[in-house]
Amino acid sequence: MKRLFQAECYKILKNWLLLGMLLVLTGFCVYISGLRTGGFTPNTYDSVETLNQVFGKDLRTLPALYDWQNKYEVRLIFTEMLVPIWTGPILAAFIVGQDFANRSITLPLLMGYTRTRTYLGKALFYFLAGLALSHVALYLTLFLNRPDWMQTMNAAVYLRLILFRTLADLATLSIPWLAAFLFRDLIKTMAVSGGYAALLTFLNASAADNPNFLIRMIGHHPAFSIREMCIRYIPFPSDSMEMLLIALSMIALSSAVSYLIFCKSEMK
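Colleague: Is there a simple way to explain unusual backbone geometry in this structure?
Modeller: Excluding glycine, residues mostly have negative phi values, and the peptide bonds linking residues are mostly trans. For R103, which is not glycine, the phi dihedral falls at a positive 70°. With phi around 50°, R184 is a residue other than glycine that occupies positive phi space. Its location among the elements puts R184 in the loop between α8 (155-183) and α9 (186-202).

Printed below as a string of structure tokens:
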């Protein structure tokens, strides 16, 4: 398993095109996340400005309101899912889709590794790489946008936010992973997973209330429900069980189906 993991690392590190795409995309997503959560802009207090117009005075001088705004924006950063949404399709296409396309998927099997160990080696690398990119982007956004973010929460809140974020990351990454085994081709995997990424990017949490059944189902995706879980002061775990069950179900089903596809695939 260790050698399979090392082989995947080496394959990615020597692919300058892939590394460049991931770095540029991650940097762009960090910038967009900063814009969407109030950072990197001249005015970071749009909601307070609205209240200023109503009350006719600068409410940013009120410590309690300033503290609330700061905590809100920090929690909002934890819900920004652009990096796993967009880097997942690229990673899955290059780690799995490309290997199927150029037949290099058979190399571990020819070296004596079982399909199970080969699958686990690829899965471990894919999900760890996706989580690493997501969390690097998360902390970059936090330190660039809110350098004092650690002062806005205690350890229990931080652990809860990280738990929800990690589950949402894994659930989001699981769909491109499944697509890579379904299509077994770099271009097809990237195209279909890219459509999935675009759908998650342009829909929002209000999709859960949409009259269209399909859009309403997509609205319960952990990439959307994480916002409500992280921002609201919801008791754990009872009121958060829906997101946990959906995320774990997505991860388990995607992994099981992709594993079965890999075991039944003909290796030429």
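Colleague: Sorry, what's going on with the environment of G219 here?
Modeller: Among the structural elements, G219 can be located in the loop between α10 (213-218) and α11 (222-231). Judged by its relative accessible area of 6%, G219 falls in the buried class. Residues G219 and L203, spaced 16 residues apart in sequence, show a C-alpha to C-alpha distance of 7.8 Å.

Colleague: Help me understand the pattern of salt bridges in this model?
Modeller: Where side chains of opposite charge bring their charged atoms close, a pairing between them can arise. Following the criterion strictly, the structure yields five salt bridges and no others. Across the pair K122 and E8 runs a salt bridge whose closest N-O atoms are separated by 2.7 Å. Of this pair, K122 sits in helix α7 (residues 115-145) while E8 sits in helix α1 (residues 2-13), and the two are 114 residues apart along the sequence. E8 shares its class with K122; the two are buried. Through salt bridges that share partners, E8, K11, D99 and K122 make up one connected network.

Colleague: Quick question: what am I supposed to make of helix α5 (residues 82-101) here?
Modeller: Residues spaced three or four apart along an α-helix face the same direction, because each turn holds 3.6 residues. In this model α5 runs 27 Å from its N-terminal to its C-terminal C-alpha over 20 residues, within 8% of the 28 Å that 1.5 Å per residue would give. Of all the bends in α5, the greatest measures close to 35° and is centred on A93. Immediately downstream of α5, the backbone of R103 shows phi near 70°, a positive value.

Basis of the calculations
- Residues numbered from 1 in each chain as written.
- Predicted model: local features only at pLDDT ≥ 70, side-chain atom pairs only at ≥ 80, totals over all residues.
- Heavy atoms only, no water.
- Helix = DSSP H or I, 4+ residues; strand = E, 2+ residues; numbered from the N terminus.
- Buried < 20%, exposed > 50% of the residue type's maximum accessible area, 1.4 Å probe, protein only.
- Salt bridge = Lys/Arg side-chain N within 4 Å of Asp/Glu carboxyl O.
- Expected span 1.5 Å × (residues − 1).
- Bend = angle between axes of the 7 residues up to and from the residue.

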